Amino acid sequence: FGRDHLPGFVAYAYDWRQDVLASSAQFCAFLNELPAANIQIVAHSMGGFVTWGCLTSDEAVAQRVRKVVFAGTPFKGGPNSFKSLMLGSPTGLNGKLLSREAVFTFGSTWQLLSRESDFFVDAAGAPVALNAYDPMQWVDGKWGVFTGNTTLADVALLRQRIAGHDAMHARLKEPPLATPEVLAVIGRGHPTVSGVRVTDKGFDFSNPPTADGDGSVLLTSAEPPVPFTRLDTTTEHVQLLNDPDVQ
């Protein structure tokens, strides 16, 4: 669609596993090489984080970005990736690519988590006070990779990942260095995981609480923290940019 309908369209891909702010710096370098004085960006999901990180760090680039579409970007994060950190996320028959040991090392996994550790609930839906951003909660609670023998290297990496989470969400509170026109594509009508249920036996991932969203990003998380034009759609998260009305 971009090739056929958007003059000057250029696709950009990034390493979705690495720290998003590192991806943002690379994206800024890419945009700096573009000759266009008027740049328009269409960013899907975590691509919105990559875009935001660039617009809040490089004023020269930000001044050239006139319009941005954020499609399904979780500006307040969400609890979805917590399950992957606990159990991993098999891809077809490949149980290792996204094993919990691998996912634990991905900076982006942590940055997609909710801004605050307010997503734990009991069987009745009442809040449970657990701090997902306290390293000792992971070690003492034997969460994720810490169910086995804990090493100092694991704890050091955990601290790095939590620091990366905090840095990303602090950046998401900063305004862009210039003010582009913003369109937010917001999906709704799909039950979306809104928390992690805690029981006497641990976490119940088979019966999570849900709220409205696009199936991956909560409706309450998809609004950018700047003035924007809103486009609601009932299309599921992965297909947002394939919706003819969105296009």
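Structure report, in brief. Predicted model only: the values in this text are computed from it and were never measured.

## Considerations on the overall build of the protein chain
Working step 1: Helices and strands together make up the secondary structure of the protein chain, namely 9 helices and 9 strands.
Working step 2: In terms of overall dimensions, the protein chain is globule-like: its C-alpha atoms have a radius of gyration of 19 Å, near the 18 Å expected for 247 residues.
Working step 3: In terms of principal-axis extent, the alpha carbons of the protein chain reach across some 55 × 40 × 35 Å.
Working step 4: Counting every position in the protein chain, which comprises 247 residues, the buried fraction comes to 46%.
Working step 5: Nonlocal contacts in the protein chain, meaning residues at least 24 apart in sequence, comprise 70% of its contacts between residues at least 6 apart.

## Structural notes on the packing of aromatic side chains
Working step 1: Within the structure shown, the criterion is met by 22 aromatic pairs.
Working step 2: Summarising the aromatic geometry, the rings of Phe-120 and Trp-143 are spaced 5.9 Å apart at their centres and angled 45° between planes, so their arrangement reads as tilted. Here Phe-120 is found in strand S3 (residues 120–121), whereas its partner Trp-143 is found in the loop between helix H8 (135–141) and helix H9 (152–171), with 23 residues between them in sequence.
Working step 3: Judged by its relative accessible area of 1%, Phe-120 falls in the buried class.
Working step 4: Residue classification places Trp-143 among the buried residues on the basis of a relative accessible area of 6%.

## A few points about the state of the cysteines
Working step 1: Within this structure, the stated rule accounts for 1 disulfide.
Working step 2: The residue that forms a disulfide with Cys-28 is Cys-54, at a sulfur-sulfur distance of 2.1 Å. Measuring the twist about the S-S bond at about 120°, one finds the Cys-28-Cys-54 disulfide to be right-handed. On the criterion of sequence distance, the pair formed by Cys-28 in helix H2 (residues 20–33) and Cys-54 in helix H3 (residues 46–55) is long-range, its members being 26 residues apart.

## Quick notes on the environment of Gly-107
Working step 1: Tracing the sequence through the fold places Gly-107 in helix H7 (residues 107–111).
Working step 2: C-alpha of Gly-107 to C-alpha of Arg-161: the two residues are 54 residues apart in sequence and 5.8 Å apart in space.
Working step 3: With near-sequence residues (within four places) excluded, Gly-107 lies in contact with Arg-17, Gln-18, Asp-19 and Arg-161.

## Section: the nonpolar core
Working step 1: Judged by nonpolar contacts, the single largest core of 27 residues is most densely connected at Phe-82, Trp-110, Phe-120, Trp-138, Trp-143 and Phe-146.
Working step 2: Breaking this core down by element, the ones donating at least two residues are helix H5 (80–87), helix H6 (100–103), H8, H9 and strand S6 (196–199).
Working step 3: For this core, the element with the most residues is H9, which contributes 4 residues.
Working step 4: Those residues in contact with Trp-110, other than ones at most four positions away along the chain, are Leu-85, Val-103, Phe-104, Trp-138, Leu-158, Arg-161, Ile-162 and His-165.
Working step 5: Cys-28, Ile-41, Val-50 and Ala-178 belong to the second-largest nonpolar core, a separate cluster that totals 25 residues.

## With respect to the sheet that holds strand S4 (residues 181–187)
Working step 1: Overall, parallel pairing links the 4 strands, which are arranged S1-S2-S4-S9 in an open sheet. One side of each edge strand has no neighbouring strand; the edge strands of this open sheet are strand S1 (39–44) and strand S9 (229–233). Taking each pair of neighbouring strands and ignoring which way they run, the sheet shows an average axis angle of 15°.
Working step 2: Both S1 and strand S2 (residues 65–71) contribute to a ladder of 6 bridges, which runs parallel. Paired with Ala-43 across the two strands is Phe-70, which belongs to S2.
Working step 3: Packing of H3 onto the sheet brings it into contact with S1 and S2, and relative to S1 it is tilted by some 140°.

## Structural notes on H2
Working step 1: Given a rise of 1.5 Å per residue, 14 residues ought to cover 20 Å, and the 20 Å separating the end C-alpha atoms of H2 matches this to within 8%.
Working step 2: Among all positions in H2, only Val-20, Leu-21, Ser-23, Ser-24, Phe-27, Cys-28 and Leu-31 are buried. For H2, the arc enclosing every buried residue in end-on projection is 145°, short of the 170-degree limit, so these residues lie on one face.
Working step 3: Tucked inside the fold, the buried residues of H2 contact S1, H3, helix H4 (59–64), H7 and H9.
Working step 4: Where H2 begins, the capping side chain belongs to Asp-19, and its oxygen is found 2.8 Å from the backbone nitrogen of Leu-21.

Criteria and cut-off values
Residues numbered from 1 in each chain as written. Predicted model: local features only at pLDDT ≥ 70, side-chain atom pairs only at ≥ 80, totals over all residues. Heavy atoms only, no water. Helix = DSSP H or I, 4+ residues; strand = E, 2+ residues; numbered from the N terminus. Rg over C-alpha atoms; globule rule 2.2 N^0.38 Å. Buried < 20%, exposed > 50% of the residue type's maximum accessible area, 1.4 Å probe, protein only. Contact = heavy atoms within 4.5 Å. Phe/Tyr/Trp six-rings, centres within 6.5 Å; stacked < 30°, edge-to-face > 60°. Disulfide = S-S within 2.5 Å. Core = buried A, V, L, I, M, F, W, Y, C linked by side-chain atoms within 4.5 Å. Pairing = 2+ DSSP bridges. Axes fitted to C-alpha atoms, helices over the stretch in contact; angles between N-to-C directions. Expected span 1.5 Å × (residues − 1). Arc of directions from axis to C-beta. Polar contact = N/O pair within 3.5 Å; in protein donor to acceptor, adjacent residues only side chain to side chain.

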